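Topology and contacts: notes
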Amino acid sequence: MKTTGSIAELRDWLAALPRPIGFVPTMGALHAGHMALVQRARAECATVVASLFVNPLQFGLNEDLAKYPRDLVGDRERFANAGVDVLFAPDEAVMYPPGFSTTVDTGAIGTKYEGAVRPTHFSGVTTVVAKLLTIVAPDILYVGQKDAQQTAVLRRMVTDLGFPVAVEIVETQREADELALSSRNAYLTPEQRAAAPSLHRALETLRDAVASGAKKNDAVVRARAALDPLGAPDYLDIVDADTFEPIDSVRAPAFVIGAVRFGTTRLLDNLWIRK
Ligand code: PAF
């Protein structure tokens, strides 16, 4: 696997590599969920490019960028073992040189749910991914279902700005007890870890209740009851998968979404209702 932090060098290498190019953007701290994105890209593309960049623009003022786990050596090895051809790992000065001031904002879709809790988060994500897409010029962008709202925001951006790239959503990877894989799981105490799979059960309860005719408000009450008492829900809802507008049925395409705090750790999960 070749690694570079230089945009010019990356472009030179990619010009000589076969298409289609599959691209997996990451912020490192890799787990099996990221590896599923790489495996899918490897299976579908002649060339696989990954990026590793801890993007300061998507961290809020009260979120500790300095504490974000970094393990470039370990992550490089994981990418190489998974068959990545080229890793782009730029410094902040390469991505955001002095004078950088342009941002990408997808509007309403990024202002609710996660966007309401983290107001600058999605414009940080879209700005960095727009720049990465311009640099890498991939044919297929691979993103994880786990961050459902991010998938919707990025698909909106790709459509609105006309990026010539297909967006593929890769299913969430789970522990044996259905807890969605996340780097945040490491912060759970043993009691919280035991309680955390109840988020997935709550989402299933919400989906099943609405599918069998319950009003959404009543279904949300049942879903909250399915949560372990250690979990404090921020929201449990059903949304259109493209717009992230709330909907009252489980018609496809939709996400049944939830964000729940276990102590100081805030976990996200969703069920994808596909066509
Ligand atoms: O999902 C992530 O890890 C990040 O939001 C992404 C897409 C790599 C942009 O920094």
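Right, let's walk through the structure included here. (Residues numbered from 1 in each chain as written. Predicted model: local features only at pLDDT ≥ 70, side-chain atom pairs only at ≥ 80, totals over all residues. Heavy atoms only, no water.)

Focus on the packing of aromatic side chains
What counts, and what does not: Two aromatic rings from Phe, Tyr or Trp, using only the six-membered ring of Trp, form a pair when their centres are within 6.5 Å; if the ring planes differ by under 30 degrees the pair is stacked, by over 60 it is edge-to-face, and anything between is tilted. Exposure classes here rest on a 1.4 Å probe applied to the protein chains alone. A residue is buried below 20% of its type maximum, exposed above 50%, and partly exposed in between. By definition, any uninterrupted DSSP run of H or I lasting at least four residues is a helix, any uninterrupted run of E lasting at least two residues is a strand, and each is numbered from the N terminus. Only when the NZ atom of a Lys or the CZ atom of an Arg is both within 6 Å of the ring centre and within 35 degrees of the ring normal do we say a charge sits over the ring.
The tally for this structure, following the rule as stated, stands at seven aromatic pairs. Where tyrosine 96 meets phenylalanine 100, the ring centres are 4.8 Å apart and the plane angle is 65°; that geometry is what we call edge-to-face. Judged by relative accessible area, which is 31%, phenylalanine 100 ranks as partly exposed. Taking 6.0 Å as the distance between ring centres and 75° as the angle between the ring planes, the aromatic pair formed by tyrosine 113 and phenylalanine 244 counts as edge-to-face. Highlighted residues: tyrosine 113 in the loop between helix H4 (92–95) and helix H5 (114–117) and phenylalanine 244 in the loop between strand S7 (231–240) and strand S8 (254–262), separated in sequence by 131 residues. According to the relative accessible area criterion, tyrosine 113 is buried, its value standing at 14%. The ring centre of tryptophan 272 lies 4.0 Å from the NZ or CZ of arginine 274, which sits over that ring.

Let's talk about the site of the ligand
Just so we agree on the cut-off: Only a single heavy atom is needed: when it lies within 4 Å of a molecule or strand, its residue is near that molecule or strand. Identification of polar contacts relies on pairs of N or O atoms within 3.5 Å, with a donor-acceptor requirement for protein atoms, meaning one able to donate a hydrogen and the other able to accept it, and with residues adjacent in sequence counted only if both atoms are side-chain atoms. Any residue outside Ala, Val, Leu, Ile, Met, Phe, Trp, Tyr, Cys, Pro, Asp, Glu, Lys and Arg is labelled polar, Gly included; the first ten of those are nonpolar and the last four are charged.
Contacts to the ligand come from Pro25, Thr26, Met27, Asn55, Gln58, Val125, Val128 and Gln150. At 2.6 Å from an oxygen atom of the ligand is found a side-chain nitrogen or oxygen belonging to glutamine 58. In this structure, glutamine 150 approaches the ligand through a side-chain N or O atom, which is 2.7 Å from an oxygen atom. Across the shell around the ligand, the residue classes tally to four nonpolar, four polar and no charged.

Remarks on the sheet that holds strand S2 (residues 21–26)
Which entries qualify depends on this criterion: DSSP-based pairing: two strands are paired if at least 2 bridges between them are found. Think of each axis as a best-fit line through the C-alpha atoms, taken over the contacting stretch in the case of a helix, with angles from 0 to 180 degrees between the N-to-C directions.
Read across the sheet, six strands follow the order S1-S4-S3-S2-S5-S6 without closing on themselves; strand pairing throughout is parallel. Among the strands making up the open sheet, the edge pair consists of strand S1 (2–4) and strand S6 (166–170). Each strand axis lies, on average, 25° off the axis of its neighbour in the sheet, ignoring direction. Relative to strand S5 (residues 140–144), S2 runs parallel, the two being bridged by two bridges.

Side note on the packing of helix H6 (residues 121–136) against helix H7 (residues 148–161)
Applicable threshold: An angle counts as roughly parallel when it lies under 35 degrees, as roughly antiparallel when it exceeds 145, as roughly perpendicular when it falls between 65 and 115, and as oblique in every other case. Handedness of each helix crossing follows the sense of rotation of the near helix against the far helix: counterclockwise by less than a right angle gives left-handed, clockwise gives right-handed. Whether two residues are in contact is decided by their heavy atoms: any pair within 4.5 Å suffices.
Running from N to C, H6 and H7 point in directions that differ by 50°, and their axes come no closer than 10 Å. Taken together, the axis directions place H6 and H7 in an arrangement best described as oblique. Read as a crossing pair, H6 and H7 show a hand that is right-handed. Between H6, through Phe122, Val125, Thr126, Val129, Ala130 and Leu133, and H7, the contact on the second element is made entirely by Gln149, Gln150, Val153, Leu154, Met157 and Val158. By residue class, the composition of the contact of H6 with H7 is nine nonpolar, three polar and no charged.

Topic: the pairing of strand S9 (residues 265–273)
Most of S9 is tucked away: eight of the nine residues are buried. Where S8 lies against S9, nine bridges are found, and the strand directions are antiparallel. Paired with phenylalanine 255 across the bridge in S9 is tryptophan 272. Hairpin connection from S8 to S9: two residues lie between these consecutive antiparallel strands, with glycine 263 at a positive phi of about 65°.

So, helix H1 (residues 7–15)
Formally: For this quantity, the arc is that covered by the directions from the helix axis to the C-beta atoms.
Three or more residues of H1 are buried, namely Leu10, Trp13 and Leu14. One side of H1 carries all its buried residues, which in axial view fall inside an arc of 95°. In H1, those exposed residues whose orientation departs by more than 90 degrees from the buried face are Ala8, Asp12 and Ala15. Its side-chain oxygen 3.4 Å from the backbone nitrogen of alanine 8, serine 6 forms the N-cap of H1.

Considerations on the packing of helix H9 (residues 198–211) against helix H10 (residues 216–226)
Where H9 contacts H10, the two axes come as close as 8 Å, and the packing angle between them is 155°. Viewed along their axes, H9 and H10 adopt a mutual orientation that is roughly antiparallel. For the pair H9 and H10, the sense of crossing is right-handed. Contacts from Ser198, Arg201, Ala202, Thr205, Leu206, Ala209 and Val210 of H9 reach H10 at Lys216, Ala219, Val220, Arg222, Ala223 and Ala226. Here the residues of the contact of H9 with H10 sort into eight nonpolar, two polar and three charged.

Describing the side chain of glutamine 192
Structurally, the position occupied by glutamine 192 is in helix H8 (residues 190–195). The class of glutamine 192 is buried, set by a relative accessible area of 14%. There is a polar contact of 3.0 Å between the side chain of glutamine 192 and the backbone nitrogen of threonine 189. Residues contacting glutamine 192, with those up to four places away along its chain left out, are Tyr187, Leu230, Phe262 and Gly263.

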